Structure formats: C-alpha cells, structure tokens
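Observations on the model geometry
Residue strings, one per chain:
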Amino acid sequence: MNPPGYFDHSTRAVRVVFGNGSSGRLRELAEAAGARRVMVVCGPAERDLAGRLAEPLGPLVAGWFSEARPHVPVDVARRAGEAALGCGADWVLSVGGGSTTGTAKAVALELGLPIMAVATTYAGSEMTPVWGLTEGARKTTGRSAVVAPRVVVYDPELTVGLPAGVTATSALNALAHCAEAFYAPGTSPIAALLAEEGIRALVAGAPEAVAHPDELPGRALTLYGAHLAGAAFATAGSDLHHKICHVLGGALDLPHAETHTVVLPQVLAFVEPALPEEARRRLRKALGAQDGEPAGAAVFDLATSLGAPTALSDLGMSPEDVGPLIGPILEQVPDSTPRPPGAEGVRTILEGALEGRSPR
Ligand code: NAD
C-alpha cells in the first residue's frame, strides 16, 4: 500500500438509516430531526408508496407535491416551491428515485428547507449536494450544501418492485459514480475507499437483484453499493464520463441511467491506461476483472450479463449526432482529467458507445 499524498476531503452531517423495515421509522426520524410541518414529494408512480410511508407521520404532514418528473423541469420546480410555501413546510420528505430527490432539492435550493430522503433506486442523488434543473433542452447543475439531504433512509424492501431494466441501469449508474471517484477532481483516499467497497457491493448485488428481484440480500447489497457510490460521488465530483452523459442527456434527451450504462465501459477503456497503477489495480480487483482484463471490458460484460443496453444507437442516437457534441463535451471536461481526450478521444468514446463496441 502506498502512503497517501496531499488530500482535501470534507464530510458533511447526514444521518443514514439502512435496513429492511427502516422506512417504517419515518415519524421517529422526522421528530428527532425537529420537523414540524413536512411536505411529501414524490412522482405520480410513487404516490401510493409515499402515501403508505407518510401515513404514520399523521399531523406532521402539512402538504404534498406528487408531480416530480425526470430532469426536474423548471416549471415543476417552481410549482413544488409554491406548494411548500403554501403549506408552510419546514421539512421536505422525498420518496423515490433521482428524479424525485432532484425535485426535493429544487425546493431546498429555493427555500432552504432541509430534506429527508427515502431512496427507492440506486441513483445516489440522496447523498450528494448536486442539484439539477432543466429549462427546454438545457440542463443546469450546481453544488450547494443546502440541497444535500440531512436524513437518508434506505429500505431494501422498497426496491423489490424495481423492474429488472431499471435495476440494472440504475446500478450501473451507481457504478459510474464509483469508477470516476478514483480520478475525478476531488478524489482522495477516502473517496477511493468508498468507491472500492461500492463497486464490490454493486458487482455482487446487481446480478442477484436482477435474477431474484424479490429476494432481499441482492437488493440490500445493491442499495448499500448505491449509498457508497453517492457518498463517493459527493466528495470526488465528476469527470469525463459524467460530463459526456450530461451533454448527451441534455442535447439528445437520452434516458439518464441507460446512457451512463452504455458510456461507462467506453470511458474506462479510454481513461484506464492513464490511471496510477494502484488505482488501476484496485478498480479491476473490485470489479472482479480476470487477470489482465481491462476495467472497461469487465463493466461491458457486466452490463451485457444484466441485459442492459450497450449501444447508444439503441437509445435513439444516430451517427450524425457525434460531431456536434464533441465541442460541448470538451468545454466541460475538467483540466485535471487523467487522460485529456481532445476531439479525437471524445469521438472514439462516442463512436464506441454508439455502436456498443466491446472494449476488449
Ligand atoms: P427515476 O427517479 O426517474 O426513476 C426511474 C423509474 O423507476 C421511474 O419510472 C420511477 O417511477 C421508477 N421507480 C422508482 N423507484 C421505484 C421502485 N422502488 N419500484 C418501482 N419503480 C420505481 O430515475 P433515477 O435513475 O433514480 O434518477 C435519475 C435522475 O436522477 C436523473 O435526472 C439524474 O440526473 C438524477 N441524478 C442526480 C444525482 C445527483 O447527485 N444530483 C445523482 C444521480 C442521478
């Protein structure tokens, strides 16, 4: 083991409660946090679940906003903020995946209200201070401590209904957070530690969760991996992979988790040769890569075995889309990226992702 070099790592105050049945403790957790008037945020598909979970809160529930939508359109964010003001909320309880957590974050950003988040997918947003808002085709993201949830609840029992497709791609979205935490601008030995364990949990958990969706051990492992992934992403930040996915999502309206799933093997194939030996070794080992097998190939095989998409052409991208996206991607790539891609590198990655080329 090499001694750590210089690093700068912040840890924020968040109470994380994990375990089967933990979502039955929301009243106790809300009271312990000092909440008096809670607004529940969810998407239309999560309304029944959120209703069941919020019932024990009784009079603590001051209002509802159940119109969360993907990518947090600004008009949805505005209406969510109005609903919070209208019911005099002092806390927001979000029940759902990244789209719902993102809507709760929009309210926090505008009004400064603290969030209690019940995560029902593996997106990891509940652990991060990153917010996102979409106006037309333009998605804006930023970081603010005020949007980072203060209480996070992970109940594997809530995830047994997550369809196989969402399970696979959401877990690979989490895997992307972990992989980039090894080299993103805010990386540190602590971020790498979270990421390494996160990868191990996801690689072991996701195949179980896809093959046996109703069984809790696979669900719990995957959810634990997702938590670690969010925590690693929160501190390490994002690099080439996330920037590419961000631009693709905004410009072509591609689905979030699926895009991450397809792009990750291609980015890893490009970046891995430039990583320090120890990071490469740890990444490959956590992925369970066979001797000498590159990380990108291991992720590609995992996606294939989970029945997840491997080609952007299957998600609606066409070859003519590649050229115009190169410039916007290069504008966003951090200067510290381990292997500056230049236009040719971005083209290679996008073409590989478009075709679903095996990195092997
Ligand atoms: P999502 O929240 O849109 O959920 C995907 C689908 O799964 C939806 O149809 C939802 O209704 C359904 N669903 C959710 N939980 C379920 C459950 N337990 N059982 C059955 N169905 C369920 O998608 P996502 O992948 O969770 O989140 C993607 C969004 O999150 C994107 O907008 C992305 O930008 C954002 N995100 C943000 C961060 C961050 O740090 N800010 C991190 C990751 C993702």
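Notes on the structure in this doc start here. (Residues numbered from 1 in each chain as written. Predicted model: local features only at pLDDT ≥ 70, side-chain atom pairs only at ≥ 80, totals over all residues. Heavy atoms only, no water.)

**Description of the nonpolar core**
- Formed by 69 residues in total, the largest nonpolar core has its most connected members in Leu 175, Ile 244, Leu 248, Leu 283, Leu 312 and Leu 350.
- The dominant element in this core, judged by the number of residues it contributes, is helix H5 (residues 164-181), at 9 residues.
- Residues in contact with Leu 283, not counting those within four places in the same chain, are Ala 179, Phe 182, Ile 199, Leu 268, Leu 275 and Ala 295.
- Ranked by size, the runner-up nonpolar core spans 22 residues in total, among them Ala 35, Leu 57, Val 151 and Val 153. (Core = buried A, V, L, I, M, F, W, Y, C linked by side-chain atoms within 4.5 Å. Buried < 20%, exposed > 50% of the residue type's maximum accessible area, 1.4 Å probe, protein only. Helix = DSSP H or I, 4+ residues; strand = E, 2+ residues; numbered from the N terminus. Contact = heavy atoms within 4.5 Å.)

**As for unusual backbone geometry**
- In this structure, His 71 is a non-glycine residue whose phi angle is positive, near 70 degrees.
- Within the secondary structure, His 71 sits in the loop between strand S3 (61-65) and helix H3 (74-86).
- You can call His 71 partly exposed: its relative accessible area is 26%.
- In this structure, Asp 253 takes a positive phi of about 55 degrees despite not being glycine.
- Mapped onto the fold, Asp 253 is located in the loop between helix H8 (240-252) and helix H9 (256-271).
- Its relative accessible area of 58% is what places Asp 253 among the exposed residues.

**What about the packing of aromatic side chains?**
- Taken as a whole, this structure holds 2 aromatic pairs when the rule is applied.
- Aromatic side chains Phe 18 and Tyr 154 sit 5.9 Å apart centroid to centroid with 40 degrees between the ring planes, which places their arrangement in the tilted category. With Phe 18 in strand S1 (residues 15-18) and Tyr 154 in strand S8 (residues 151-154), this residue pair connects regions lying 136 residues apart in the sequence.
- The class of Phe 18 is partly exposed, set by a relative accessible area of 35%.
- For Tyr 154, a relative accessible area of 0% puts it in the buried group.
- Through pairs of rings, three or more aromatic residues link up here, namely Phe 18, Tyr 154 and Tyr 224. (Phe/Tyr/Trp six-rings, centres within 6.5 Å; stacked < 30°, edge-to-face > 60°.)

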